[in-house]
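# Residue-level structure breakdown
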Amino acid sequence: MNITLKSGWVVDATTKGKLIELRFKYNQGLINEFKSSLDQGRWNPREKCWTCRDSARSRYVLSEVLRDTARFNRYYTDPTDDLCPPAWVDILYDNQRKLVNHALYRRRLIDSGEMGVGKTICQFAIFQAINDSIVKLGREDILWVGTKGSLKALEDELNKWGPTIRPYHVINYESLHIYYEKAEKPPRVVVFDESSALKTPTSRRTKIAMDLVEKMEEEYGDDCFVYLLTGTPTTKNVLDWWSQCEVARPGFIREGNWFKFRKRYFNLDEETNLSGQKYFKIDSPKQEEIDKLPKRLAGLVIRRTKVDLGIQLPEKIYQEVDITPTEDTMMLAKAIGSTDELAITMLEKLRQLSDGFQYTEDGVSRVECPKDNALVRVLKDTLPTHRIIIFAAYRASIDRCVDICRLNGWSVMRVDGRGWHQIGSAPAKIEVFQDRVSYNTPVAFVAHPDSGGKGLTLTASDTIVFYSNTFRAESRWQAEDRIHRPGCRGAKIIDLMHLPSDRLVLDNLKQKKKIKDVTLNEIRRLFNEVV
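As the structure is a computational prediction, the values presented were derived from the model and not from experiment.

### A short note on the overall build of the chain
Assigned secondary structure in the chain consists of 21 helices and 22 strands. Here the C-alpha atoms of the chain give a radius of gyration of 26 Å, agreeing with the 24 Å that 2.2 N^0.38 yields for 531 residues. Projected onto its principal axes, the C-alpha positions of the chain cover 80 × 65 × 40 Å. Counting across all 531 residues of the chain, residues that qualify as buried make up 54%. Contacts in the chain between residues at least 24 apart in sequence constitute 69% of all its contacts with a sequence separation of at least 6. Of the roughly 25,000 Å² of accessible surface on the chain, 49% is carried by carbon and sulfur atoms.

Here you go:
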């Protein structure tokens, strides 16, 4: 098959097995393009031709990008028709209707909107519009994939808005491989909620997501729809964008793999490991290139913030409660800091000690922790509002917070990796937490940030307490925004700071540093007064 590119150059493309063979007159610019953007593009000296993997990326680059077709250009033009369903016109704001039209026109989209700008309700309108104006959707044509916490929020939104066209398959990312293996045919519409879960290109879930989208394209051609929803308008790590864009529209990003993408945006240092193998380590960002990235992504990614949309929210108020450790705690910290363990292992043990427990051969052993008294004082201060949110990084820490809340007369909704649990009189439902009139009793939402910190609206409370933090910056900011949404009365964020390890983790989160880069000496310096 001959492909005439936008430059006028003709390429003979032949599919053989899992490869596409490319033959053309010598053109160094075209060779550079093939090497950069095709999936595993390389020269085959035996066949005397260029080859690439027959994939969604390669097909899109060859048939759309290099030919400058209408399907490629729709990412850089605005829709001319208003396809927003009449039933949703009066419900959606102008900015939401605009997003719906862009999503329908482009068919592939990453909705990078802050929490509270209406990503979920926009999807309901999109489903209706696809069914009414583009293609009739069958019962099993919509797949919704999300985190456990976001699926709970989706259930509440479905009950609230009652859309006629709704997803039949609703699964979490851990179940995606099971769906992929058992489904008889791919869905026509897929939504990846909290799509930052797909940021690692080599992870199983990301590979399955990419394969699923490729199957959809093979089955339905242009009449398939892929939407990614992320509550992080500016991704914390620039490199996260490659895999998310590759899921949404393979080939949209010019770089054919994550390593080429990394090389474009970061200076790399060559180092040698103990076995003598050489590898590249990120040295410093190329800020000039990074500044251009939003413009590159603009066709596929729509960025929406509360400020941009005119949503006025109160400022977040941060408070750090400094707590003096006991002598016994400092002696234990000194003993831990004097070991020769790995830095990350030492830091974990210090953080557990700061939360008032240690793991032993017999299980969890609790120790005295002055954080408890600090939490009791916060519970008393927030008692008039009858609602509070507490996040902790360990299951043992969550157990401790639940016990403190119960001893002080609070019902508890507990959320961790084991699911939702009711402790006390208040049912473990979001509508119960949000309804302070019908359930006018003190209710505490106690959760792990990864389980209860995403996708939920918890604006009945104006206070979040971080008993302890995880190492994930995105989980922290997502958890904060559970109360910083339309309808909130305030947003007070309290950190309980006990041992210096609490300060180290929080500072690393603020500076977006990777905790694995922390050294033993850095930890010991924090405890230099006792170690």
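This is not the end of the story, as more comes after the structure.
### Comments concerning the side chain of Gln 123
Structurally, Gln 123 is set in helix α6 (residues 119-134). Looking at Gln 123, the relative accessible area reads 2%, which means it is buried. Gln 123 has contacts with Trp 144, Val 191, Tyr 227 and Leu 229, leaving out every residue within four places of it along the chain.

### Looking at the pattern of salt bridges
Under the counting rule described, the total for this entry stands at 37 salt bridges. One salt bridge in this structure joins Lys 371 and Asp 502, with 3.5 Å as the shortest N-O distance. Separated by 131 residues along the polypeptide, Lys 371 in helix α15 (residues 371-382) and Asp 502 in helix α20 (residues 500-510) bring together distant segments of the chain. Per residue, the accessibility class of Lys 371 equals that of Asp 502, and both read buried. Through salt bridges with shared partners, one network takes in Glu 64, Arg 71, Arg 74, Arg 107, Asp 222 and Asp 223.

### Observations concerning the sheet that holds strand β20 (residues 443-447)
Across the sheet, seven strands lie side by side as β14-β22-β21-β17-β20-β18-β19; this open sheet has mixed pairing. The outermost strands of the open sheet, each flanked by one partner alone, are β14 (317-322) and β19 (419-423). The average angle at which neighbouring strand axes cross in this sheet is 20 degrees, direction not considered. Its contacts with the sheet place α15 against β14, β17 (387-391), β21 (463-466) and β22 (492-497), and it is angled at close to 155 degrees to β17.

### Let's talk about the pairing of strand β8 (residues 169-172)
In terms of strand pairing, strand β7 (residues 142-146) meets β8 through four bridges, oriented parallel. Following the sheet pairing, Trp 144 is matched in β8 by Val 170. Viewed along the sheet, the connection from β7 through helix α7 (residues 148-161) into β8 turns out right-handed.

### Describing the packing of aromatic side chains
Inspection of the entire model under this criterion finds 14 aromatic pairs. Pairing Trp 258 with Phe 259 gives two aromatic rings, centres 5.3 Å apart and planes at 85 degrees, and the pair type is edge-to-face. Seen from their ring centres, Phe 433 and Phe 445 are 6.1 Å apart, and the 70 degrees between their planes marks the pair as edge-to-face. Remark: Phe 445 occurs in strand β20 and Phe 433 occurs in helix α17 (residues 430-434); sequence separation between them is 12 residues. The exposure classification of Phe 433 matches that of Phe 445, with both residues buried. Taken together, the ring pairs connect Phe 72, Tyr 75, Tyr 76 and Phe 252 into an aromatic cluster. One residue, Lys 152, lies across the ring of Trp 420, its end atom 4.8 Å from the ring centre.

### Regarding empty space enclosed by the protein
Enumeration according to the criterion identifies two cavities of 30 Å³ or more in this entry. Considered as a void within the structure, the largest cavity measures approximately 60 Å³ in volume. When residues of the lining of the largest cavity are traced back to their parent elements, those giving at least two are β22 and α20. For the lining of the largest cavity, the element with the highest residue contribution is β22, accounting for three residues. Its residues assigned to classes, the lining of the largest cavity shows five nonpolar, two polar and four charged.

### Describing the confidence of the model for the chain
Of the residues in the chain, 92% have a pLDDT of 70 or more, and the chain-wide mean is 87. By mean pLDDT, helix α21 (residues 520-526) is the weakest element of the chain at 59, and strand β9 (residues 189-193) is the strongest at 97.

### Focus: the nonpolar core
The biggest cluster of nonpolar side chains holds 43 residues, and the ones touching the most others in it are Phe 192 and Phe 261. With seven residues, the single largest contributor to this core is helix α9 (residues 204-220). Once you skip the residues sitting within four places of it in the chain, Phe 192 turns out to touch Val 145, Tyr 173, Leu 176, Leu 198, Ala 209, Leu 212, Val 213, Val 226, Tyr 227, Leu 228, Leu 229 and Val 247. Residues Leu 92, Ile 130, Leu 229 and Ile 302 belong to the second largest nonpolar core, which totals 30 residues.

### Things to note about the sheet that holds strand β5 (residues 49-53)
Read from one edge to the other, the open sheet built from five strands follows the order β1-β2-β3-β5-β4, with strand pairing classed as antiparallel. The sheet terminates laterally at β1 (2-4) and β4 (42-44), the two strands that pair on one side only. Along the sheet, successive strands turn relative to each other by an average axial angle of 35 degrees, direction set aside. In the sheet, strand β3 (residues 19-23) pairs with β5 via four bridges, with the strands oriented antiparallel. Each bridged residue has a counterpart across the sheet, and for Glu 21 the counterpart in β5 is Thr 51.

### A look at the layout of surface pockets
For the second largest pocket, the calculated volume is near 910 Å³. Among the elements of the structure, α5 (94-106), α6, α7 and α17 are those that each provide at least two residues to the lining of the second largest pocket. A per-class count over the lining of the second largest pocket returns 14 nonpolar, 11 polar and eight charged.

### Here we look at the environment of Glu 368
Residue position: Glu 368 is located in the loop between β16 (363-366) and α15. Looking at Glu 368, the relative accessible area reads 58%, which means it is exposed. Each C-alpha atom of the pair Glu 368 and Thr 326 lies 8.3 Å from the other, and the pair is 42 residues apart in sequence. When near neighbours in sequence (up to four residues on either side) are disregarded, Glu 368 contacts Thr 326, Thr 329 and Arg 400.

Cut-offs applied
- Residues numbered from 1 in each chain as written.
- Predicted model: local features only at pLDDT ≥ 70, side-chain atom pairs only at ≥ 80, totals over all residues.
- Heavy atoms only, no water.
- Helix = DSSP H or I, 4+ residues; strand = E, 2+ residues; numbered from the N terminus.
- Rg over C-alpha atoms; globule rule 2.2 N^0.38 Å.
- Buried < 20%, exposed > 50% of the residue type's maximum accessible area, 1.4 Å probe, protein only.
- Contact = heavy atoms within 4.5 Å.
- Areas by Shrake-Rupley, 256 points an atom, 1.4 Å probe, with all protein chains shown as cover.
- Salt bridge = Lys/Arg side-chain N within 4 Å of Asp/Glu carboxyl O.
- Pairing = 2+ DSSP bridges.
- Axes fitted to C-alpha atoms, helices over the stretch in contact; angles between N-to-C directions.
- Right-handed = clockwise from strand over helix to strand, strands pointing away.
- Phe/Tyr/Trp six-rings, centres within 6.5 Å; stacked < 30°, edge-to-face > 60°.
- Lys NZ or Arg CZ within 6 Å of the ring centre and 35° of its normal.
- 1 Å grid on protein atoms, 1.4 Å probe; cavity = no way out; pocket = protein on both sides within 12 Å on 5 of 7 lines; lining within 4 Å.
- Points joined across faces, edges and corners; volume = space filled by probe spheres on them.
- Nonpolar A, V, L, I, M, F, W, Y, C, P; charged D, E, K, R; others polar.
- pLDDT = per-residue confidence, 0-100.
- Core = buried A, V, L, I, M, F, W, Y, C linked by side-chain atoms within 4.5 Å.

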